[in-house]
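Each chain is listed here by its residues.
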Amino acid sequence: MKLLPRRQFIRNTALTGMSLGLGTSAIWSTNLWAANKLKPSANSALIAVDVQNCFVSSGTLPVPKGEEVVPIINALGKVFDNVVITQDWHTAGHTSFASSHVGKKPFETTQLSYGQQVLWPDHCVQGTPDAELHGDLKLPKAQVVIRKGFNPQVDSYSAFKEADRKSTTGLAAYLQARGIDTVYVTGLATDFCVAWTALDAKALGFETLVVEDACRAIDLNGSLEAAWKEMTAKGVKRIQSSDLI
Ligand code: VGL
Ligand code: ZN
């Protein structure tokens, strides 16, 4: 997979076209433009993380501008053979909810058996409209929906491993069984479920790319910058949807 020399490429293309006296007709440039895109292989999967009612403006844990990812992810879905959807899927009274801890407010932290936990407003409770996938999300090719965070005592930002860092969701085994070696991660929120999913994917041996503009962040106390720093350091690639479509 080769990234980025697009600006250079376009400049060269335009020059070649003109020097051949062809001008830059729409068809000519469209074909060459298409040839310069990243092309997901049959061994690549798009992962749409937590594009649920809870994480858009009208939801219980709104991610600023969260709904803006929907049309972008819908368009990306068309260029992948393999699509995975995840859903945050908490029990009522889940340990990640501030309301489950006396004296705690949303966005404070607490120490749980597996480490520090950010405490959230009650969100994505199993079977509620808030936990449903966003109504405009159209990913007809999606082959599997991974629900996570259903253990009452353990959160799961990652689509691969719960916050105790031991319990698996089964997603790695599923992807491996299907011969998937590369994942493109999109969705909500960049600095929590997207980042944890991407970092686990990379650590598990998948080539991992995050499509930045197909994600939106919560950005709590610098969490967005920290997430990109860690993802970059670990070899997760940062791309834009225009690299694909
Ligand atoms: C998420 C906080 C709590 C996410 C899920 O999808 O990023 N964030 N639960
Ligand atoms: Zn959650």
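Residues numbered from 1 in each chain as written. Chains lettered and ligands numbered in written order. Predicted model: local features only at pLDDT ≥ 70, side-chain atom pairs only at ≥ 80, totals over all residues. Heavy atoms only, no water.

## Some points on unusual backbone geometry
Ala189 follows Leu188 through a cis peptide bond whose omega is -10°. Structurally, Ala189 is set in the loop between strand E6 (182-188) and helix H5 (190-203). (Helix = DSSP H or I, 4+ residues; strand = E, 2+ residues; numbered from the N terminus.)

## Comments concerning the confidence of the model for the protein
The predicted coordinates of low-pLDDT regions are not to be read in fine detail. Residue-level pLDDT values for the protein average 90, and 86% of them are 70 or greater. Below pLDDT 50 for its whole length, residues 4-30 participates in 18 contacts with residues either more than four positions away or in separate chains. (pLDDT = per-residue confidence, 0-100. Contact = heavy atoms within 4.5 Å.)

## Observations concerning the site of ligand 1
Looking at ligand 1, the residues that line it are Asp50, Phe55, Leu61, Asp88, Trp120, His123, Tyr157, Leu188, Ala189, Phe192, Cys193 and Ile218. A distance of 3.0 Å is found between an oxygen atom of ligand 1 and a backbone nitrogen or oxygen belonging to Ala189. One nitrogen or oxygen atom from the main chain of Cys193 is found 3.0 Å from an oxygen atom belonging to ligand 1. Per-class residue counts for the shell around ligand 1 are nine nonpolar, one polar and two charged. (Near = heavy atom within 4 Å. Polar contact = N/O pair within 3.5 Å; in protein donor to acceptor, adjacent residues only side chain to side chain. Nonpolar A, V, L, I, M, F, W, Y, C, P; charged D, E, K, R; others polar.)

## Points about the coordination of the zinc ion (ligand 2)
At the metal site, the zinc ion (ligand 2) is ligated by Asp88 (OD), His90 (NE2) and His123 (NE2), and these contacts range over 2.0 to 2.1 Å. For the zinc ion (ligand 2), the four donor atoms are set out with angles of 88 to 171° between them, so the coordination reads as irregular. Sequence positions of the donors to the zinc ion (ligand 2) reduce to the motif D-x1-H-x32-H. Of this pair, His90 sits in the loop between strand E2 (82-88) and strand E3 (109-112) while His123 sits in the loop between strand E4 (115-118) and strand E5 (142-148); the two residues are 33 residues apart in sequence, bridging distant segments of the chain. As far as the burial class goes, His90 and His123 line up, both buried. (Donors = N, O, S within 2.8 Å, 3.2 Å for Na, K, Ca; no water. Tetrahedral: all angles 85-135°; square planar, octahedral: opposite > 155°, others 65-115°. Buried < 20%, exposed > 50% of the residue type's maximum accessible area, 1.4 Å probe, protein only.)

## Side note on the side chain of Thr186
By the secondary structure assignment, Thr186 is in strand E6. Take Thr186: its relative accessible area is 0%, and that puts it in the buried class. A polar side-chain atom of Thr186 sits 2.9 Å from the main-chain carbonyl oxygen of Ile47. Beyond its immediate stretch of four places on either side in the chain, Thr186 contacts Leu46, Ile47, Ala48, Val49, Ile73, Leu76, Val194, Val211, Ala214 and Cys215.

## Brief notes about the packing of aromatic side chains
On inspection of all chains with the given rule, the structure shows seven aromatic pairs. Plain terms: the ring middles of Tyr157 and Phe192 are 5.4 Å apart, the flat faces sit at 70° to each other, and that makes the pair edge-to-face. Linking Tyr157 in the loop between E5 and helix H4 (171-177) with Phe192 in helix H5, this pair joins segments that are 35 residues apart in sequence. Of the residues examined, Tyr157 reaches a relative accessible area of 12% and is grouped as buried. (Phe/Tyr/Trp six-rings, centres within 6.5 Å; stacked < 30°, edge-to-face > 60°.)

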